[in-house]
Amino acid sequence: MPALALRDTPFDVAIVGSGAGGGMAAYMLTKAGANVVLLEAGDSWDNTKDSKMLTWAHQSPRRGSSTRERPFGEFDACIGGWNVDGEPYTRAPGTRFDWWRARMLGGRTNHWGRISLRFGPHDFKGKSRDGLGDDWPIGYEDVKPWYDEVDRLVGIFGSVEGLENHPDGIFLPAPKPRCWELMVKQASDKLQITCIPSRLSIITRPHNGRAACHYCGQCNRGCGVNANFSSTNVLVWPAMETGRLTLVTGAMAREVTLDRAGKADGVVYIDKATRTERRVNAKVVVLAASACESARILLNSKSAQFPQGLANSSGTVGKYLTDTTGTDVAGFIPKLVDHVPHNEDGVGGAHLYMPWWLDNKKLDFPRGYHIEIWGGLGAPSYGFMGGIQNYPSGGGYGRQLKEDYRRYYGATVGFSGRGEQIPNADCYCEIDPDVVDQYGIPVLRFHWKWSDHELNQVKHMQETFRRLIAEMGGEVWSPMPTKEQGYGIANGGAIIHELGCVRMGADRNSSVLNGNCQAWDVKNLFVADGGPFVSQADKNPTWTILALSMRTSDFIAQAMKRGEL
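Keep in mind it's a predicted model, so treat the numbers as computed, not measured.

Participant: Describe the nonpolar core, and please don't skip the residues or the numbers.
Facilitator: Counting 113 residues, the largest nonpolar core has Ile-371 and Phe-415 as the members making the most contacts within it. A per-element tally of this core places helix α4 (residues 140-154) first, with seven residues. Ranked by size, the runner-up nonpolar core spans 21 residues in total, among them Val-13, Ala-34, Leu-105 and Ala-559.

Here it is, written out as structure tokens:
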């Protein structure tokens, strides 16, 4: 039975996914005059109306504890997680990979920490520098104008530092460091580790009609005043206001279809509410469902012309999957015990971070990592302080227990490394031949393997964090992980920065897309999420997803005006 069409007349553009890439594509293309349909697998959600930003933990019987659909706490803005009911994925034997999916309007922009870092000149040309991986077919100068436009549109705070591979942006004023952050800064200066103000997409001044941050520190819950960035209110709703965007929620995309000429002509999806198969017709298709989900859609879009999956004549759809390397160390800092009560309001994240500061030629691993810090006087909730039993008093009852909580409140500081993985042939996803989800769509099977590059990098993270804590006069209660334990490296996917699988390149035989994120095989098919990335970097990817989507959307708009698509 043929799929029911949303309407007979084709849209100019169909976009799958409403996160950073999809939201930006919808914003840019509607502003350029295109009639756009946006398909989102989750339900509608509006951070200005649905946020639990100022809800106290004691107002809930769960006290803010995590739930299956909110692994980061019941008040967290993001609905989804590493396990979504009815939507499994599988792992090849020996694989440790966890795949996060967001199921809501705005996608993962409701989850992320707003760490907004530009990739630098070295990040686009890694192979030319050390012979590993592949160079991007574009460079920093190709993306810089679009980074600038994202800064102007979305808003970002930071400081001008002039660091070669950590490009400065168009910054709003950065908030001042808090007490515990000043201690981190002192220790990092002693150890000659670069430590600078964070670069977060949280506005500290009124910006483009949005109110400035009021420093409640609850960014992860979705900002009720719209001071931090999420795709919904900064991109999707403005696109709706043009009158040229049709939003369809609860739409689980299954495949992209082709016309007789071999051009994309629409998207087939499952209406989750009715379990019926539907389709949208469009002149251009943009996949922005997340790197792995977009690869899944392409691999499931098989035809006589593309028996390996759509746009997969190179055989590289699903290949060269990467994630950020990560590990964490926390320490007890006696100097922060019995502190003078003080106001530590601030943004929902650290006010400082450490960009990569060393020369890899002197180390036993390539590329680098940055350091994120955490601590301070966050609002108490379930699991507060990691459990009082871990502190010197060991916990207790009544007045003594309350006094101990007050004494040790804010006396823990933690460090998290976020580093670059070199793409390798052992990390990829493919269609599982035997398993489908609840909608009958074949699921992904993951293969994963860290190399010594990443393991040695994470060992360096662990050693560095322990030195920082020691310099602060602190104590780490967990032992140094062994090589057999991977030095504490997080599972693939656990950092939620998976990239690649639909990568761009200069050679159509080894890539899926050209430098404009346009499929080599199907000229009116584009990808606007983390899929086109050729490599990771020692930076979080969202700012680059936004910039690339803006750049690709401008290319689409201009090509449509010329009648080329």
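Having seen it, we continue.
Participant: Which residues make up the sheet that holds strand β15 (residues 412-419), and what values do they have?
Facilitator: Pairing within the open sheet is antiparallel, and its five strands lie in the order β7-β13-β14-β15-β12. Two strands lie at the open edges of the sheet, namely β7 (196-197) and β12 (325-332), each paired on one side alone. In this sheet, β15 lies alongside β12 in antiparallel orientation, the contact comprising eight bridges. Paired with Gly-331 across the strands is Val-413, a residue of β15. Relative to the sheet, helix α9 (residues 452-471) contacts β12, β13 (352-354), β14 (369-375) and β15, its axis offset from that of β12 by approximately 20 degrees.

Participant: With reference to specific residues and values, describe the packing of aromatic side chains.
Facilitator: Summed over all chains, the structure comprises 29 aromatic pairs. For the pair Trp-356 and Tyr-369, a centre-to-centre distance of 4.9 Å together with 50 degrees between the ring planes defines the contact as tilted. With Trp-356 in the loop between β13 and β14 and Tyr-369 in strand β14, the pair connects residues that are 13 residues apart, well separated along the chain. Of the two residues, Trp-356 and Tyr-369, neither departs from the other in class, the shared state being buried. Taken together through their ring pairs, the aromatic side chains of Tyr-89, Phe-97, Trp-99, Phe-446, Trp-448 and Trp-450 make up a single cluster. Geometry around Trp-99 places Arg-101 over its ring, the cationic atom sitting 4.6 Å from the centre. In this arrangement the basic side chain of Lys-319 is found over the ring face of Tyr-428, its NZ or CZ atom lying 5.8 Å from the centre.

Participant: I'd like to hear about the pattern of salt bridges, residue by residue, with values.
Facilitator: A complete count under the given rule lists 33 salt bridges for this structure. Asp-265 is the partner of Arg-279 in a salt bridge, and the nearest nitrogen-oxygen pair spans 3.5 Å. Here Asp-265 lies in strand β10 (residues 264-271) and Arg-279 lies in strand β11 (residues 276-287), a separation of 14 residues in the sequence. Exposure remark for Asp-265: the relative accessible area of 22% places this residue in the partly exposed category.

Participant: Residues and numbers for the sheet that holds strand β5 (residues 90-91), please.
Facilitator: Reading across the sheet, the three strands line up as β5-β17-β16 and stay open at both edges, with mixed pairing between neighbours. Only two strands of the sheet have a single neighbouring strand rather than two, namely β5 and β16 (428-436). Two strands pair when backbone bridges link them, and β16 and strand β17 (residues 442-447) are joined in this way by five bridges, in the antiparallel orientation. Within β17, the residue paired with Cys-429 across the bridge is Phe-446.

Participant: I'd like to hear about the side chain of Arg-466, residue by residue, with values.
Facilitator: With respect to the element layout, Arg-466 can be found in helix α9. For the buried Arg-466, which has no salt bridge, the nearest side chain bearing the opposite charge is Glu-463, at an N-O separation of 8.5 Å. In this structure the side chain of Arg-466 is engaged in a polar contact, spanning 3.0 Å, whose partner is the side chain of Gln-462. A distance of 3.1 Å separates a polar side-chain atom of Arg-466 from the backbone oxygen of Pro-479.

Participant: Go over the state of the cysteines with me, naming the residues and quoting the values.
Facilitator: Enumeration over the complete set of coordinates arrives at zero disulfides. Free cysteine Cys-223: the closest other cysteine sulfur is in Cys-219, separated by 6.4 Å. Among the cysteines around Cys-427, which has no disulfide bond, Cys-501 carries the closest sulfur, lying 9.8 Å off. For Cys-427, a relative accessible area of 0% puts it in the buried group.

Participant: Can you break down unusual backbone geometry residue by residue, with the values?
Facilitator: If you check the backbone angles, Gln-192 has positive phi at about 60 degrees while not being a glycine. Residue position: Gln-192 is located in the loop between α5 (179-190) and β7. Judged by its relative accessible area of 69%, Gln-192 is exposed. Despite not being glycine, Ser-290 has its phi angle at roughly 105 degrees, a positive value. Mapped onto the secondary structure, Ser-290 falls in the loop between β11 and α7 (291-300). Ser-290 sits in the buried class, given a relative accessible area of 14%.

Participant: Which residues make up the pairing of β10, and what values do they have?
Facilitator: Within β10, seven of the eight residues are buried, leaving the element largely enclosed by the surrounding structure. Pairing analysis gives seven bridges linking strand β9 (residues 251-258) to β10, with the strands arranged antiparallel. Residue Leu-258 lies in a different strand from β10, and its bridge partner there is Ala-264. Here β9 hands over to β10 after five residues, with Gly-262 in that stretch at a positive phi of 85 degrees. By the bridge criterion, six bridges tie β10 to β11 in an arrangement that is antiparallel.

Participant: Please set out α5 residue by residue, giving values where relevant.
Facilitator: Over its twelve residues, α5 extends 17 Å from the first C-alpha to the last, a length consistent with the 16 Å expected when each residue adds 1.5 Å. What α5 keeps buried is the set Trp-180, Glu-181, Met-183, Val-184, Ala-187 and Ser-188. Around the axis of α5, the buried residues are gathered within 155 degrees of arc, so they sit on the same side. Across from the buried face of α5, at angles greater than 90 degrees, the exposed residues are Gln-186 and Lys-190. The inward-facing, buried residues of α5 abut β13, β14, β15 and α9.

Each value, and the rule that gives it
- Residues numbered from 1 in each chain as written.
- Predicted model: local features only at pLDDT ≥ 70, side-chain atom pairs only at ≥ 80, totals over all residues.
- Heavy atoms only, no water.
- Core = buried A, V, L, I, M, F, W, Y, C linked by side-chain atoms within 4.5 Å.
- Buried < 20%, exposed > 50% of the residue type's maximum accessible area, 1.4 Å probe, protein only.
- Helix = DSSP H or I, 4+ residues; strand = E, 2+ residues; numbered from the N terminus.
- Pairing = 2+ DSSP bridges.
- Contact = heavy atoms within 4.5 Å.
- Axes fitted to C-alpha atoms, helices over the stretch in contact; angles between N-to-C directions.
- Phe/Tyr/Trp six-rings, centres within 6.5 Å; stacked < 30°, edge-to-face > 60°.
- Lys NZ or Arg CZ within 6 Å of the ring centre and 35° of its normal.
- Salt bridge = Lys/Arg side-chain N within 4 Å of Asp/Glu carboxyl O.
- Lys, Arg positive; Asp, Glu negative; His and termini not counted.
- Polar contact = N/O pair within 3.5 Å; in protein donor to acceptor, adjacent residues only side chain to side chain.
- Disulfide = S-S within 2.5 Å.
- Expected span 1.5 Å × (residues − 1).
- Arc of directions from axis to C-beta.

Such coordinate-based values are descriptive only and should not be taken to indicate function.
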